[in-house]
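# Topology and contacts: notes
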Amino acid sequence: MQGGPDRPRTAMPAYPYRSKTREEFLLDVRRATQTLDFADVQRFYMRTFDSYVELCALFKENPNQDGARLVDPDLKMDFLYAVHDALKEVPTNVHKSVLKSMINAICQENIMYALGLRRKDQVRALFMLVQNPLFCDQSSCVIYAQLLRRVVHLPASDHQMLVHWLKILEVPRLRALVRNVMLFLSVRQFPTADPNHTLPEPNKMRWWIPTAARMLAFINAANNSCRPPLLHFSELYNEALDHIDLANDYFKWQDPSPTSNHFSYCQYPFILSINAKRLILTKDSEQQQMINARRSLETKTSRQHMSQVDIFFLNMTVRRSHLVEDSLKEIQRASERKELKKKLRLTFAGEPGLDMGGLTKEWFQLLVREIFDPDKGMFVYHPHSRCYWFRIPSTARTWSVTDSASRSTTAPPSPVDGEADVDAAVDRVAVAEEEESLQQYNLIGVLMGLAVYNSNILDLRFPSVCYQKLLSPPVVPHGDMHLGVVRNPSLDDLAQIMPEVARGLRELLAYQGDVEQDMCLTFQASIEEFGAVKTFPLKQGGEEIPVTNTNRKEYVRLYLDWMLNTAVYNEFRSFYLGFHSVCASNALIMLRPEEVEMLVCGCPQFVLEELRKVTEYDGYLPNSPVIINMWSVLEEFSEDMRKRFLLFTTGSDRIPVGGAVMMTFKVSRALVPPQMLPQAHTCFNQLMLPEYPTKDALRAKLSIAVQYAEGFGLE
């Protein structure tokens, strides 16, 4: 480690006095730009970047300060930004001088300590240097490598400080820093044969990629600790890595042997794009499918049974009239035989046809639609957030899942003689109904897992906190642990489902008056579902405990935990186990909740040109007038109307992870009069388009079709 906090040093002399200000510097740059004489500016840059001492002498608010604050580097950030920005306006010979000076600063690091660099000024200097915009060019990679190496070799306490300081950077500058580190990583991963940018031999650069990944980890930690994050998580993706052997990288990461200490990108999953993670999940699934198929083949062979190609598929046969019942039985059978990870192939009983993907997609759509039907009473639609949440049963737990409370916490009165048998029968019916309900929640979880592994997207409208709970924990643990419990739920989490309730709780916390007298609340939660209001105590005796100014924070905390965890614990646990019965994989550890949602429901971004490239035609040609008019109308549609068009034709307003290239889309000629509306076969992503005589006629008919043929989940 270089520059540890307890490193012995001589008495510290005062830093050189540097009085130049930001305004004076900018005046020098303007004067040099006008006269084309950059000599003074060049000398300024050479001196400033020549050592850590010079950097701190110029940019520290108090150059003689010893130590640093965690929350702020105490630097003249506006001045530093101006010096960095001006590098874009000066000649290349100044750039070369700056790079040479930075080499001197890095090489003199140990000497600076011996001469008395003040505490925490090393991490300050590295924080300033790593932002330098000259590292956006491949020619500076060797210098950048040495600089990043020094950053990652800082003590852990300095790393903590660096993470906090990264949070104060302006967003465009943090984004530029990410871009520079990503460029450095890509140059090492995909070296070019450009003679103007020669790099050291590969065996001398093996530490480059792990070093860059560590630097990105610091940035990721800083970003994730901000609310909201400064950058969208996808801005830390390196999509060039989609083209490496990701399966090998993943299996190398999974290798438990003590001799396996090779670097793997899977150690830093935030770098891998959602496409890369989908590919890793697919490869992991294929490996598990092959293992299961091989076992089936070995079993049949040992029993001298004739093997068939069917052993490589999860073959399911269901009746349309008993869709949920048959699906539960088939999934239970497949689970017992450990076949859920096989490729799904579906047959509707009594119907001819080979499943080439369309029947499977139809099964997903029909089953989701039936289970989410309000008459089923399993999920409640919340119109303000346009999403579904689990129905809270009347026997819901009444306080934390970590307590011993079970479904009902109030013991019923002892039955009168003669009524015991009736009560027992009622109890048995209630238990049976609850077991059936939990099986259906489990089925939805299995459906989501099958959709991920069979590259189908589902039109589900769950809040993001649902996917957060699905990854709590990401791998099902051994032993009896609480599953699907989000720790310390927030008002933002509740707002995803019930924004009006979250707003009311915020108002309660901010209320300036007497809460007990003015609001008359007790430690209870009331919820209205399907026209009925149900009330539950949030703690033992909660119906008698008033909410006051003193205990209102406890009330909000208990309310959030009850609504998002306790009240639906058994239902969500079944749902969680269903999903993980299919998706049990260490690859899930790499996923963010938002990425799980994208794998299940698809990507919200819809690029029309991508869809156009994959479209096939039946009865029309790409240059047919009606086809030209159709694409012209779609280009003129608003983003909302385009999504409605996608929903109308495919059953979802999203596209699969990886873009439209991952899907098929067909426009077929409908042999009907032009007065008819277009139709769609969502199971096959097929639009049946009549031959409308004009663009206006096509726009009118298509607009009506997509606006009034709303899909499941949109109300």
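Residues numbered from 1 in each chain as written. Predicted model: local features only at pLDDT ≥ 70, side-chain atom pairs only at ≥ 80, totals over all residues. Heavy atoms only, no water.

## Describing the overall build of the chain
Secondary structure summary: the chain contains 27 helices and ten strands in total. The buried share of the chain, reckoned over its 715 residues, is 48%. Pairs at least 24 residues apart make up 75% of the contacts formed inside the chain by residues separated by at least 6 positions. (Helix = DSSP H or I, 4+ residues; strand = E, 2+ residues; numbered from the N terminus. Buried < 20%, exposed > 50% of the residue type's maximum accessible area, 1.4 Å probe, protein only. Contact = heavy atoms within 4.5 Å.)

## Some points on a nonpolar patch on the surface
A contiguous nonpolar surface patch, about 330 Å² in accessible area, is contributed by Leu677, Ile704 and Tyr708. Structurally, the position occupied by leucine 677 is in the loop between strand S8 (665-669) and strand S9 (679-681). (Patch = residues over 30% accessible without salt bridge, like charges linked within 9 Å, V, L, I, M, F, W, Y side chains within 5 Å. Areas by Shrake-Rupley, 256 points an atom, 1.4 Å probe, with all protein chains shown as cover. Salt bridge = Lys/Arg side-chain N within 4 Å of Asp/Glu carboxyl O.)

## What to know about the nonpolar core
By size, the foremost hydrophobic cluster in this structure holds 210 residues, and its most contacted members are Tyr45, Leu177, Trp363, Phe379, Met448, Phe462 and Leu611. Setting aside residues up to four positions removed in sequence, methionine 448 forms contacts with Leu458, Leu460, Phe462, Tyr467, Leu470, Phe575, Phe579 and Val600. (Core = buried A, V, L, I, M, F, W, Y, C linked by side-chain atoms within 4.5 Å.)

## A word on the packing of helix H2 (residues 39-48) against helix H5 (residues 92-107)
Interhelical geometry of H2 versus H5 gives an angle of 20° and a closest axis separation of 8 Å. With respect to each other, H2 and H5 are oriented roughly parallel. Of the two possible hands of crossing, H2 and H5 adopt the one that is right-handed. Residues Gln42, Tyr45 and Met46 of H2 form the contact with H5, whose own contacting residues are Asn93, Val94, Ser97, Val98 and Ser101. Looking at side-chain class alone, the contact of H2 with H5 contains four nonpolar, four polar and no charged residues. (Axes fitted to C-alpha atoms, helices over the stretch in contact; angles between N-to-C directions. Parallel < 35°, antiparallel > 145°, perpendicular 65-115°, else oblique. Left-handed = near helix turned anticlockwise from the far one by under 90°. Nonpolar A, V, L, I, M, F, W, Y, C, P; charged D, E, K, R; others polar.)

## With respect to the UniProt feature "active site" (unreviewed entry) in the chain
UniProt annotation of "active site" (unreviewed entry) refers to Cys683 when read in the numbering used here. With respect to the helices and strands, the residue cysteine 683 is situated in the loop between S9 and strand S10 (686-689). Given a relative accessible area of 15%, cysteine 683 falls into the buried group. With sequence-adjacent residues up to four places away left out, cysteine 683 is seen in contact with Gly358, Lys361, Glu362 and Gln365. (UniProt positions renumbered as here; feature names shortened; annotations may be inferred.)

## Comments concerning helix H22 (residues 569-583)
When the terminal C-alpha atoms of H22 are compared, their 20 Å separation across 15 residues agrees well with the 21 Å that a helix rising 1.5 Å per residue should span. With respect to burial, H22 is a largely interior element, twelve of its 15 residues being buried. Every buried residue of H22 is listed here: Tyr569, Asn570, Glu571, Phe572, Ser574, Phe575, Tyr576, Gly578, Phe579, His580, Val582 and Cys583. (Expected span 1.5 Å × (residues − 1).)

## So, the pairing of S10
What you see with S10 is no split at all: Gln686 and Met688 on one side and Leu687 and Leu689 on the other are buried throughout. Pairing of S8 with S10, which is carried by four bridges, proceeds in the parallel orientation. In the sheet register, serine 668 faces S10, and the bridge partner there is methionine 688. The pairing of S9 with S10 spans three bridges and is antiparallel. For histidine 681, the partnering residue across the bridge sits in S10 and is glutamine 686. The hairpin turn running from S9 into S10, its antiparallel successor, is four residues long, and asparagine 685 in that turn takes a positive phi close to 50°. (Pairing = 2+ DSSP bridges.)

## Details of the packing of aromatic side chains
Scanning the model with the defined rule gives 36 aromatic pairs in all. Seen in terms of ring centroids, phenylalanine 379 and phenylalanine 462 are 5.6 Å apart; in terms of plane orientation they differ by 55°. Their pairing is tilted. With phenylalanine 379 in strand S3 (residues 379-382) and phenylalanine 462 in the loop between helix H16 (420-453) and helix H17 (464-470), the pair connects residues that are 83 residues apart, well separated along the chain. Overall, the relative accessible area of 5% leaves phenylalanine 462 in the buried class. Judged by centre distance (5.9 Å) and plane angle (5°), the ring pair of phenylalanine 390 and phenylalanine 462 falls under stacked. (Phe/Tyr/Trp six-rings, centres within 6.5 Å; stacked < 30°, edge-to-face > 60°.)

## Quick word on the sheet that holds S10
Reading across the sheet, the four strands line up as S7-S8-S10-S9 and stay open at both edges, with mixed pairing between neighbours. Both outer strands of the open sheet, strand S7 (615-618) and S9, are each paired with one neighbouring strand and no more. Averaged over all neighbouring strand pairs, the angle between strand axes comes to 20°, with direction disregarded.

## Overview of helix H7 (residues 121-129)
The buried count for H7 comes to nine of nine residues, which makes it a mostly enclosed element. Here H7 has its buried residues at Asp121, Gln122, Val123, Arg124, Ala125, Leu126, Phe127, Met128 and Leu129.

## Focus: the pattern of salt bridges
Evaluation of the coordinates by the stated rule reveals 35 salt bridges. Residue aspartate 85 is joined to arginine 173 by a salt bridge in which the shortest nitrogen-to-oxygen separation is 2.8 Å. Taken together, the positions of aspartate 85 in helix H4 (residues 77-86) and arginine 173 in helix H10 (residues 171-189) put the pair 88 residues apart, joining distant regions of the chain. The network of salt bridges with common partners includes Asp85, Lys88, Glu170 and Arg173.

## Focus on the side chain of lysine 361
Looking at the secondary structure, you find lysine 361 in helix H15 (residues 358-371). For the buried lysine 361, which has no salt bridge, the nearest side chain bearing the opposite charge is aspartate 459, at an N-O separation of 11 Å. A distance of 2.8 Å separates the side chain of lysine 361 from the backbone oxygen of threonine 682, its partner in a polar contact. The residues contacting lysine 361, other than those within four sequence positions of it, are Asn456, Thr650, Thr682, Cys683 and Asn685. (Lys, Arg positive; Asp, Glu negative; His and termini not counted. Polar contact = N/O pair within 3.5 Å; in protein donor to acceptor, adjacent residues only side chain to side chain.)

## Some thoughts on the environment of methionine 77
Relative to the helices and strands, methionine 77 is located in helix H4. Residue classification places methionine 77 among the buried positions, given a relative accessible area of 12%. Here the alpha-carbon distance between methionine 77 and glutamate 170, two residues 93 residues apart in the chain, equals 9.9 Å. When sequence neighbours within four positions are dropped, the list of residues in contact with methionine 77 reads Phe127, Gln131, Ile168 and Leu169.

## Topic: the pairing of strand S6 (residues 532-537)
Two elements, strand S5 (residues 524-529) and S6, share six bridges in a ladder whose sense is antiparallel. Note that in S6 the partner of alanine 525 across the bridge is phenylalanine 536. If you look at the hairpin formed by S5 and S6, you'll find two residues sitting between the two strands, and phenylalanine 530 has a positive phi there, around 55°.

## Observations concerning unusual backbone geometry
Cis rather than trans, the peptide bond between arginine 227 and proline 228 has omega equal to -5°. Inspection of the secondary structure puts proline 228 in the loop between helix H11 (208-224) and helix H12 (246-254). The linkage connecting serine 472 with the following residue, proline 473, adopts the cis geometry, with an omega of 0°. Along the chain, the position of proline 473 falls in the loop between H17 and helix H18 (491-495). Of note, the phi angle at aspartate 74 is positive, near 55°, even though the residue is not glycine. Here aspartate 74 falls in the buried class, since its relative accessible area comes to 13%.

## Observations concerning the packing of H7 against helix H9 (residues 156-166)
Running from N to C, H7 and H9 point in directions that differ by 40°, and their axes come no closer than 10 Å. Judged on the interaxial angle alone, H9 and H7 are oblique. Like other packed secondary-structure pairs, H7 and H9 cross with a definite hand, here right-handed. Residues Val123, Arg124 and Phe127 of H7 form the contact with H9, whose participating residues are Asp158, Met161, Leu162, Trp165 and Leu166.

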